[in-house]
Amino acid sequence: MRVRADILRTYQGVHTWTGIIAGLVLFIGFYAGSLTMFKHELAQWANPASAPVTKPHTNNHQILVDQAITKYPEQMGNGFSLDLLTNQAPLSWYSQGKERGMKLDNQLQVLYLNQQNDLVIQQQSENKLADLIDYLHRTAGFAGEIGHDQSGVYILGIASALYFLALVSGVIILLPTLVKTFFAIRKEKGASRFWLDSHNLVGIASLPFHLIIAFTVVVFAFHDLVYDGLSAFYDDKSFFQRPAPAAHNYHIANLPSINKQLLAAKNYAPGYEPVHITFSRLNTNSPTATLKMSNSSAVVRGPDTDYLFLHPYTLEVLNSSYPQGDDGVWGNIVGSFFSLHFGTYGGEWGRWGYFVMGLLGAFLFYSGNLLWLDKRFKQDANKRSTRFMANLTIGVCLGSMIAVVATLLQAKWTNQYMGNANYSYLYSYYLVFFAFVAYTFFKGTHHASYWGLIGIAFLSAGMGVSTLIQALLADDFLKYYQSGFVDISAAVFALIFYYCAKKVRNKSVSYAVIPAKL
């Protein structure tokens, strides 16, 4: 296919500058996003003492709820959660904080029955390691809030709009030679050609995935602004109608049994299994029960499950995230955005696929920056702005990876000795990240690249070693290997990063030509 040279130059400029502007932010978003596919397993790995996922023991749930209502009527009336996938501490409520948001000082009261069916209550801090990984994915680590959302969400939304332009312009640039060079990886023509071929192959092969992610991130970031803008055309009517409150207050003493709640949910959604219930405002005129509904063979609309909203007393379905047929076309479209972004389809293969594609997406931005830097240094090796961008690229990309792995490893040990380790996660990530960025600017990119890769390799290897040490010192050896694939994956990545470090040391790659110091 022939494309005029002036058009190619225009799109090449668009592709280069949109990629450079958005690349570093999106690198963190994609790298952390790939980890969110297994964020609960990572949290379980870091804190194996928490309640493991086991077969549900539903025969004890009603006894547990009844005893809790009798002994703690006020707290239960305010609301409580029931985890149907654990038999250790299935019932809980917040004594401090709430479920939504990134509050690090949340406190839970957890309740369970001992072997004598006596009620036991304990207080524990809510572990936020999984939420921190998701926070990095959604905000790239940018702190602060704009309105009711994090500022980083809007920054990533803008970056994703630029990212969409970079994708489209990149395809146009490749059109003239796409058929001839699509699968060509020409190592014999030098490091620059190898990086370019790899960049092009990953970009084109994963184009549908990247278009989906770019579009859905923009939707997530700016959907409130879209709704506000559309409201003017609908006479300021609410898009999401809430049911009218009842004329009287309900009371938790009249709450139907848990089995009736589950039966109502299953009747509404055959093939789905309730795994979690959250009751809210049970002693008011507007109570709700939110059920997480799991189906491994279905396209679900949440990060892990679909959602069903019941009236806990009448058992009427108030709302749901399920496909709603012809009458709910807009709800179906919005639900599809969520599903496509979260990767909640395809079961375990789908999760691993999104994990790999997320890492390849991070590679796409990293390799794109390296190609731009290589070209700029060939033009002028002493230009200060280019050296600044080189240091920033290596510092941010490797620094974010080192910081995440260091935080996971730190969490593995602090959870053993601290009641609330959430603040240590946050401090660990930002301290390691900014320290490595500063180190890169001080020592130069080639030096920082080598030691950064070595650092990631040894920290990754330390994850499996830490599990082994803790398991040998514990009474229950097997509970430390409930998330054994985390250690296996970390060992594989340790070998990969160690190999990359050796290549940086022994071979001149594209960023090795950058001076060691500013």
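Remember, it's a predicted structure, so these values are computed and weren't measured experimentally.

### Notes on the overall build of the protein
Link 1 in the chain: What the protein contains, in helices and strands, is 16 helices and 10 strands.
Link 2 in the chain: Counting every position in the protein, which comprises 518 residues, the buried fraction comes to 47%.
Link 3 in the chain: Relative to all contacts within the protein whose residues are 6 or more apart in sequence, the contacts with residues 24 or more apart total 67%.
Link 4 in the chain: Accessible surface computed for the protein: about 26500 Å², of which carbon and sulfur atoms make up 62%.

### Describing the sheet that holds strand E7 (residues 273–280)
Link 1 in the chain: On the basis of which strands lie adjacent, the open sheet formed by eight strands has the order E4-E3-E2-E1-E7-E8-E9-E10 and antiparallel pairing. Where the open sheet ends on each side, the last strands, each with one partner, are strand E4 (119–125) and strand E10 (317–320). Neighbouring strand axes in the sheet, compared pairwise and without regard to direction, differ in orientation by 25 degrees on average.
Link 2 in the chain: Running at roughly 120 degrees to E7, helix H10 (residues 258–268) makes contact with strand E1 (79–83), E7, strand E8 (288–294), strand E9 (306–310) and E10 of the sheet.

### Points about the packing of aromatic side chains
Link 1 in the chain: Under the definition given, this model contains 28 aromatic pairs.
Link 2 in the chain: Centroid distance phenylalanine 38 to phenylalanine 355: 5.8 Å. Interplanar angle 75 degrees. Geometry classified as edge-to-face. Note that phenylalanine 38 is positioned in the loop between helix H1 (5–36) and helix H2 (39–46) and phenylalanine 355 in helix H12 (residues 347–379), a separation of 317 residues in sequence.
Link 3 in the chain: Relative accessible area serves as the criterion here: at 6%, phenylalanine 38 is assigned to the buried category.
Link 4 in the chain: Since its relative accessible area comes to 10%, phenylalanine 355 is described here as buried.
Link 5 in the chain: Taking 6.2 Å as the distance between ring centres and 25 degrees as the angle between the ring planes, the aromatic pair formed by phenylalanine 220 and phenylalanine 342 counts as stacked. On the criterion of sequence distance, the pair formed by phenylalanine 220 in helix H9 (residues 207–231) and phenylalanine 342 in helix H11 (residues 329–342) is long-range, its members being 122 residues apart.

### Quick look at the side chain of serine 92
Link 1 in the chain: You can see serine 92 is positioned in strand E2 (residues 91–96).
Link 2 in the chain: When near neighbours in sequence (up to four residues on either side) are disregarded, serine 92 contacts Phe80, Ser81, Gln109 and Val110.

### Concerning the environment of leucine 359
Link 1 in the chain: The residue leucine 359 is located in helix H12 in this model.
Link 2 in the chain: Sequence separation between leucine 359 and phenylalanine 27 is 332 residues; the distance between their C-alpha atoms is 8.9 Å.

### Considerations on the environment of leucine 364
Link 1 in the chain: Looking at the secondary structure, you find leucine 364 in helix H12.
Link 2 in the chain: Residues leucine 364 and phenylalanine 30, spaced 334 residues apart in sequence, show a C-alpha to C-alpha distance of 9.9 Å.
Link 3 in the chain: In this structure, leucine 364 is in contact with His199, Val202, Gly203 and His210, ignoring residues within four places of it in sequence.

### Observations regarding a nonpolar patch on the surface
Link 1 in the chain: On the surface, a nonpolar cluster with roughly 290 Å² of combined accessible area is contributed by Val14, Phe164, Leu165 and Val168.
Link 2 in the chain: When residues of the nonpolar patch are assigned to their parent elements, the largest contribution, three residues, is made by helix H6 (residues 151–174).
Link 3 in the chain: The topology assignment puts valine 14 in helix H1.

### So, the pattern of salt bridges
Link 1 in the chain: Applying the stated criterion to the full structure yields five salt bridges.
Link 2 in the chain: Between arginine 351 and glutamate 41 there is a salt bridge; the shortest N-O distance is 3.0 Å. Of this pair, arginine 351 sits in helix H12 while glutamate 41 sits in helix H2; the two residues are 310 residues apart in sequence, bridging distant segments of the chain.
Link 3 in the chain: Across the pair glutamate 126 and lysine 128 runs a salt bridge whose closest N-O atoms are separated by 3.6 Å. You'll find glutamate 126 and lysine 128 in the same group, each marked buried.
Link 4 in the chain: One continuous salt-bridge network, built from bridges that share partners, spans Glu126, Lys128 and Asp131.

### A short note on the nonpolar core
Link 1 in the chain: Counting residues in each nonpolar core, the largest one holds 74 residues, and the members touching the most others are Leu26, Phe30, Tyr31, Tyr163, Leu408 and Met463.
Link 2 in the chain: When residues of this core are assigned to their parent elements, the largest contribution, 14 residues, is made by helix H13 (residues 384–417).

### Topic: the side chain of threonine 414
Link 1 in the chain: One can find threonine 414 in helix H13.
Link 2 in the chain: Beyond its immediate stretch of four places on either side in the chain, threonine 414 contacts Ala421, Ser424 and Tyr425.

### As for the packing of H12 against H13
Link 1 in the chain: The contact between H12 and H13 brings their axes to 10 Å, and the two run at 160 degrees. Overall, the two elements H12 and H13 adopt an arrangement that is roughly antiparallel. As for how H12 packs across H13, the hand of that crossing is left-handed. Where H12 abuts H13, its residues Tyr366, Asn369, Leu370, Trp372, Leu373, Arg376 and Phe377 lie against Ser385, Thr386, Arg387, Met389, Ala390, Thr393, Ile394 and Cys397.
Link 2 in the chain: Looking at the contact of H12 with H13 residue by residue, the classes come out as nine nonpolar, four polar and two charged.

### A word on unusual backbone geometry
The phi angle of most residues is negative, glycine excepted, and most peptide bonds adopt the trans form.
Link 1 in the chain: The phi angle at arginine 281 is positive, at roughly 50 degrees, despite the residue not being glycine.
Link 2 in the chain: Topologically, arginine 281 is positioned in the loop between E7 and E8.
Link 3 in the chain: Positive phi, close to 65 degrees, is recorded for leucine 315, a residue that is not glycine.
Link 4 in the chain: You can see leucine 315 is positioned in the loop between E9 and E10.
Link 5 in the chain: A residue is classified by how much of its surface remains accessible, and leucine 315, at 24% relative accessible area, is partly exposed.

### Describing the packing of H2 against helix H16 (residues 484–506)
Link 1 in the chain: The N-to-C vectors of H2 and H16 enclose an angle of 100 degrees; their axes lie 9 Å apart at closest approach. Considering their axes alone, H2 and H16 lie roughly perpendicular with respect to each other. When H2 is examined against H16, the residues Glu41, Leu42 and Trp45 are found in contact with a partner set consisting of Phe485, Val486 and Asp487.
Link 2 in the chain: In the contact of H2 with H16, the residues fall into four nonpolar, no polar and two charged.

### Comments concerning the pairing of E7
Link 1 in the chain: Within E7, six of the eight residues are buried, which leaves it mostly tucked inside the rest of the structure.
Link 2 in the chain: Here E1 runs beside E7; their pairing, made up of five bridges, is antiparallel. Bridge pairing links serine 81 to threonine 278 in E7.
Link 3 in the chain: Where E7 lies against E8, seven bridges are found, and the strand directions are antiparallel. In the strand pairing of E8, glutamate 273 is matched with serine 294.

Cut-offs applied
Residues numbered from 1 in each chain as written. Predicted model: local features only at pLDDT ≥ 70, side-chain atom pairs only at ≥ 80, totals over all residues. Heavy atoms only, no water. Helix = DSSP H or I, 4+ residues; strand = E, 2+ residues; numbered from the N terminus. Buried < 20%, exposed > 50% of the residue type's maximum accessible area, 1.4 Å probe, protein only. Contact = heavy atoms within 4.5 Å. Areas by Shrake-Rupley, 256 points an atom, 1.4 Å probe, with all protein chains shown as cover. Pairing = 2+ DSSP bridges. Axes fitted to C-alpha atoms, helices over the stretch in contact; angles between N-to-C directions. Phe/Tyr/Trp six-rings, centres within 6.5 Å; stacked < 30°, edge-to-face > 60°. Patch = residues over 30% accessible without salt bridge, like charges linked within 9 Å, V, L, I, M, F, W, Y side chains within 5 Å. Salt bridge = Lys/Arg side-chain N within 4 Å of Asp/Glu carboxyl O. Core = buried A, V, L, I, M, F, W, Y, C linked by side-chain atoms within 4.5 Å. Parallel < 35°, antiparallel > 145°, perpendicular 65-115°, else oblique. Left-handed = near helix turned anticlockwise from the far one by under 90°. Nonpolar A, V, L, I, M, F, W, Y, C, P; charged D, E, K, R; others polar.

Read these as layout, nothing more, since geometry by itself doesn't imply function.
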